[in-house]
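What follows is the residue order along each chain.
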Amino acid sequence: MDLDRSKPVWPQVAAELRRRLDAGQYPPGERFPAVVELATELDVAPSTVQKAVAALREEGRLYTVLGQGSFVSKS
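To start, this report covers the structure provided alongside it.

Cut-offs used in this document
- Residues numbered from 1 in each chain as written.
- Predicted model: local features only at pLDDT ≥ 70, side-chain atom pairs only at ≥ 80, totals over all residues.
- Heavy atoms only, no water.
- Core = buried A, V, L, I, M, F, W, Y, C linked by side-chain atoms within 4.5 Å.
- Buried < 20%, exposed > 50% of the residue type's maximum accessible area, 1.4 Å probe, protein only.
- Helix = DSSP H or I, 4+ residues; strand = E, 2+ residues; numbered from the N terminus.
- Contact = heavy atoms within 4.5 Å.
- Polar contact = N/O pair within 3.5 Å; in protein donor to acceptor, adjacent residues only side chain to side chain.

1. As for the nonpolar core
Piece 1. Counting residues in each nonpolar core, the largest one holds 18 residues, and the members touching the most others are V13, L17, L21, F32, V44 and L62.
Piece 2. Elements represented by at least two residues in this core include exactly α1 (9-22), α2 (35-42) and α3 (46-58).
Piece 3. Considering each element in turn, this core owes the most residues, 5 residues, to α1.
Piece 4. The contact partners of V44, leaving out residues within four places of it in the chain, are L3, R5, V9, V13, A39 and V49.

2. Digging into the side chain of R20
Piece 1. The residue R20 is located in helix α1 in this model.
Piece 2. On the accessibility criterion, R20 (7% relative accessible area) is buried.
Piece 3. Reaching out from R20, the side chain makes a polar contact with the side chain of E16 at a distance of 2.9 Å.
Piece 4. With near-sequence residues (within four places) excluded, R20 lies in contact with Q25, Y26, L38, E41 and L42.

So, to be careful, I would describe these as geometric facts and stop short of saying anything about function.
Following this line, the structure appears as structure tokens:
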């Protein structure tokens, strides 16, 4: 993923994660990758991924189960 570092990075990460969700890379009901894992893969800070995941959660695309992680919403 090529990031434009002259612009805020977290919206770009959120867009990439949306694209992956839309493509079915993370199927509904499945556990979403951990923040640290995604941060390493995308070469960004974990806080950047946390903001992107929070945006997806607000959109209803992900939900979190305390102590278990984030999961892909079924609808």
